[in-house]
Amino acid sequence: PALAPIPDELPDEEEATRVVCLVKNKQPLGATIKRNEITGEIFIARVIHGGLADRSGLLHAGDRIIEVNGFPVDGLEPEQQARSHGTIMFKVIPMTERAVHNQTMLYVRAMVDYSPQQDPSIPCADAGMSFRKGDVLEIVDQSDALWWQARKLPSSVACAGLVPSSNMLKRSVCHSVSLATAKSTGFRRSMRLCRRRAHSVTQASCHTRCSSSCSSALCCPYEEVVRHQRHPEDTHRLLALVGPSSVGVNELRRRLIEMNPAVFFGPIPHTTRAPRGYEESGREYHFTSREVFDNMVYNNRFLEYGEYKGNLYGTSIQSVKDILINGKMCIIDIEPNAIQAVRTHELRAYIIYVKPPPLERLRESRRESKDIHPKAGFPAQDEDFQEMEDSARKMETHYGQFFDHVMVNNDLQDSCVQLLTAVTRAQDEPQWVPSGWIRPTPE
Ligand SMILES: Nc1ncnc2c1ncn2[C@@H]1O[C@H](COP(=O)(O)OP(=O)(O)OP(=O)(O)O)[C@@H](O)[C@H]1O
C-alpha cells in the first residue's frame, strides 16, 4: 500500500507496525479474530490454512490489529471487523514470538455429522466446515485444543475450515450413542445364519454380540485412518453386507458366490440342531453340542449368533478366518450391530450397505420379480416396503459412518455387477482404513 511518510520524530514507545493490504473478492479473509477481554485489544486468533490471509503470508495468529482501513479498532467488536470486500488494509503489531507447531498430518473418519451453522460455540461459523458421518477429513492444524482446521477429502478446495477438536465433540456424541444403541436392535426379521433356510421364517429370536469396544469406538467422534493398499500376498478383506430386512443382501451374496464359486465363499455356521441324513459336519454346518456352543459364546468366538426354533446358530470368527487364510474372499451378511465385531485388525471388514431404491421403484421391482418368481419370499405389501424404507433410514443414521460402500439394490442384475466391482475395488485399490489395523497399538 501507499504509506503516509514516516514522521520526523517518532515517539520512543512506538512499536514497530506492519501495514498489510489485501484485495478480497467474495472469499472470506481466512482468519478469525478475538478480543482480549481484559485489555480490549484485538488479535488474529488463527489463520485458516490455504485461505487468503495464509496465502498472503503477511498475517499470523497472535498479530495485534490496531487499524482496519485507517480506522482504529479499539472498542469495536470482532464481528464488526474485516467484513468488507475490495481492498482491506490492516495495521498490525506483529507477534514477537511466533509459535512453531510441528504439525503431523492426521487423517480421520468422522463418526458424526457436524454443521457449524448449528453450533453456537464455534468462534466463527463462516470459517467452519460442515461434514457428514463417514467423511474422511485431513486435519491440517491441531494447535488449538478446541478448534482444529481440516479439509474434506477428496478435496479440490485449498482452504481449510474450522472443525471441533475430538474433545469438543466427545460429550455430545456419547449422548447420541445411548440413543443409537437403544434404537438399533431388530432391523432384520431373520438372521441369515443358516445357509439353507427355505423353511426358516421371520421372527427368529436373535442376540447379537456387541463387544464392549463398540460403545467406546462410537464415543470417539473421529476415527484415525490411513490410506492403505492391500499387498497381493495379504489375506483378503472380509466383505460384509448390511441392509434392512428383505432388501436383498442374501440374494446378492448368493449370486456373487454362484458367479465365481472358486473365489467367493460364505462361512460355515455352527448349530446345535441335529444333522439331517445327508448333512456332514463341516460341510453344511459345524454341528456342536449346546455346551460347546455356550462355551464359544462365553469366549466371544462368534461374530453373531441366534436362536431359531429352539436351536442355536452362529457364525464363528474362526470360520471366516479359515476362508481368508486359504486365500479366498469371504462374504457374509450381518446385523448392523455386529459391524464393530468385524472391523478388526484381523478381518479388516469392508462394509457394503445395501439400500432400497425409492419407494415407487422398490414396489415396481419387487412386484415384477414376484410375477416372475411367484414363490419369492419378499414382502409385497405397501406397509412392508414402507417398513424397509424406515429401517434403512434408521440404519443410515446410526451406522452410516461405518459404510465403506453404499449401493442401491434396484435391478438385481445391475446390483450384482455393482457388487462385483465394489468387492474387487475393496481388495485391489487403496482404501482409508482405521490406523490401528496397520499400526496395532499394544493392548
Ligand atoms: N433387486 C431386486 N429386485 C427384485 N427382487 C429382489 C431384489 N433383491 C432381492 N429380491 C428378492 O427379495 C427377496 C428378499 O431378499 P433376501 O432374501 O436377499 O432378503 P434379505 O435382505 O436377506 O432379508 P432377510 O435376511 O430379512 O430375509 C428375495 O426373494 C429376493 O429374490
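Report follows, based on the coordinates. Keep in mind the model is a prediction, meaning the values are calculated, not measured.

**Quick word on helix α4 (residues 249-259)**
Among all positions of α4, only V249, N250, E251, L252, R253 and L256 are buried. Considering only its buried residues, α4 is in contact with β13 (239-242), β14 (264-265), β19 (329-333), β20 (350-355) and α10 (412-428).

**Re the sheet that holds strand β12 (residues 222-228)**
In space, the six strands of this open sheet follow the order β10-β9-β8-β7-β12-β22, with antiparallel pairing throughout. Across the chains shown, the open sheet's two edge strands, defined by having one partner strand only, are β10 (161-164) and β22 (431-434). In this sheet, neighbouring strand axes are inclined to one another by 50° on average, regardless of whether the strands run parallel or antiparallel. Bridge count for β12 against β22 is four bridges, and the pairing is antiparallel. Bridging from a neighbouring strand, V225 pairs with P434 of β22.

**Thoughts on the nonpolar core**
In summary, soluble globular proteins display a tendency toward joint burial of nonpolar side chains. L238, L239, A240, C330, V342 and I351 are the most contacted members of the largest nonpolar core, which totals 48 residues. In this structure, C330 is in contact with L238, L239, F265, P267, V320, I323 and L324, ignoring residues within four places of it in sequence. Core analysis: the next-biggest nonpolar cluster, separate from the first, contains 40 residues, V73, A110, A127 and W148 among them.

**Digging into the sheet that holds β14**
Strand order in the open sheet formed by five strands is β14-β19-β13-β20-β21, with parallel pairing between adjacent strands. Lying at the two open borders of the sheet, with one neighbouring strand each, are β14 and β21 (405-408). In terms of strand pairing, β13 meets β20 through four bridges, oriented parallel. Across the sheet, residue A240 finds its bridge partner in β20, namely I351.

**What to know about the environment of L312**
Counting through the fold element by element, L312 comes out in strand β18 (residues 311-316). With sequence-adjacent residues up to four places away left out, L312 is seen in contact with T271, T272, R290, F293, Y305 and E307.

**Focus on helix α9 (residues 382-399)**
Spanning 18 residues, α9 covers 25 Å between terminal C-alpha atoms, matching the ideal 26 Å at 1.5 Å per step. For α9, the set of buried residues is F385, M388, S391, A392, M395, H398 and Y399. All buried residues of α9 lie within an arc of 155° about the axis, which places them on one face of the element. The exposed residues of α9 that point more than 90 degrees off its buried face are D382, E383, D390 and R393.

Cut-off values and rules
Residues numbered from 1 in each chain as written. Predicted model: local features only at pLDDT ≥ 70, side-chain atom pairs only at ≥ 80, totals over all residues. Buried ≥ 20, exposed ≤ 12 C-beta atoms within 10 Å, placed from the backbone. Helix = DSSP H or I, 4+ residues; strand = E, 2+ residues; numbered from the N terminus. Contact = placed C-beta atoms within 7 Å. Pairing = 2+ DSSP bridges. Axes fitted to C-alpha atoms, helices over the stretch in contact; angles between N-to-C directions. Core = buried A, V, L, I, M, F, W, Y, C linked by C-beta atoms within 7 Å. Expected span 1.5 Å × (residues − 1). Arc of directions from axis to C-beta.

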